[in-house]
Amino acid sequence: MISTRGRYAIRVMIDLAEHNTSEYIRLKDISERQGISQKYLESITATLSKSGLIDGAHGKGGGYRLNRQPSDYSIGEILRLTEGSLAPVACLGCDAKPCEKEATCRTLPMWSKLYNMVNDFFDGISVADLVKKGEDDGFFGACL
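Residues numbered from 1 in each chain as written. Predicted model: local features only at pLDDT ≥ 70, side-chain atom pairs only at ≥ 80, totals over all residues. Heavy atoms only, no water.

(A) Focus on the packing of helix α1 (residues 4-18) against helix α4 (residues 75-83). Running from amino to carboxyl end, α1 crosses α4 at an angle of 135°, the nearest separation of the two axes being 9 Å. Between α1 and α4, the angle falls in the class oblique. Crossing hand, α1 versus α4: right-handed. Touching Arg5, Gly6, Ala9, Ile10 and Met13 of α1 are Ile75, Ile78, Leu79, Thr82 and Glu83, all from α4. Grouping the amino acids of the contact of α1 with α4 by side-chain chemistry returns six nonpolar, two polar and two charged. (Axes fitted to C-alpha atoms, helices over the stretch in contact; angles between N-to-C directions. Helix = DSSP H or I, 4+ residues; strand = E, 2+ residues; numbered from the N terminus. Parallel < 35°, antiparallel > 145°, perpendicular 65-115°, else oblique. Left-handed = near helix turned anticlockwise from the far one by under 90°. Contact = heavy atoms within 4.5 Å. Nonpolar A, V, L, I, M, F, W, Y, C, P; charged D, E, K, R; others polar.)

So this is what it looks like as structure tokens:
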């Protein structure tokens, strides 16, 4: 399950893409448009900025902006950053210790396939796709 942090990070990226003028966008403006507390967004944007997904500037005229085209950001990239891993079971996680039952585990192929499907799915969707689909037919039908 994707946490609120992951969903909100996607919403921030969509908001930045929708208002992408190469100017910095104030966190207060994003907070008001998205209905997310500014304090919570500070934590999310700090993570996005520290990892290089967005640029941040402090002071008058500061805020956040994309540093790539919206089409160059995959939803998978954003979720792996905010969620850590999209692995459905601990043994497939990034920091997983080798499992002593790996050689005989009958469920590992199933979990591996699901893990690959989830990553492929989210990697196949860009921020631009969500901006575009938000403008027309609703894409997935549920809000983030």
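The discussion continues.
(B) Focus on the packing of aromatic side chains. As enumerated under the stated definition, the model contains two aromatic pairs in all. Taken together, a centroid distance of 5.6 Å and an interplanar angle of 70° make the contact between Tyr8 and Tyr40 edge-to-face. Here the residue Tyr8 occupies a position in helix α1, and Tyr40 occupies one in helix α3 (residues 38-50), the gap between them amounting to 32 residues. Owing to a relative accessible area of 18%, Tyr8 belongs among the buried residues under this scheme. Here Phe121 and Phe122 contribute two aromatic rings whose centre-to-centre distance is 5.2 Å and whose plane-to-plane angle is 70°, an arrangement assigned as edge-to-face. Residue Phe121 is classed as partly exposed on the basis of its relative accessible area of 41%. (Phe/Tyr/Trp six-rings, centres within 6.5 Å; stacked < 30°, edge-to-face > 60°. Buried < 20%, exposed > 50% of the residue type's maximum accessible area, 1.4 Å probe, protein only.)

(C) View of the pairing of strand β2 (residues 63-66). Sheet topology note: the strand β1 (residues 54-57)/β2 ladder contains four bridges and is antiparallel. Bridge assignment links Asp55 to a residue of β2, and that residue is Arg65. The hairpin formed by β1 and β2 contains five residues between the paired strands, and Gly59 there has a positive phi angle of roughly 90°. (Pairing = 2+ DSSP bridges.)

(D) Molecular detail of unusual backbone geometry. Its identity is not glycine, yet Ser22 carries a phi of approximately 75°, on the positive side. Positionally, Ser22 belongs in the loop between α1 and α2 (27-34). On the basis of relative accessibility, which here comes to 49%, the residue Ser22 falls in the partly exposed class.

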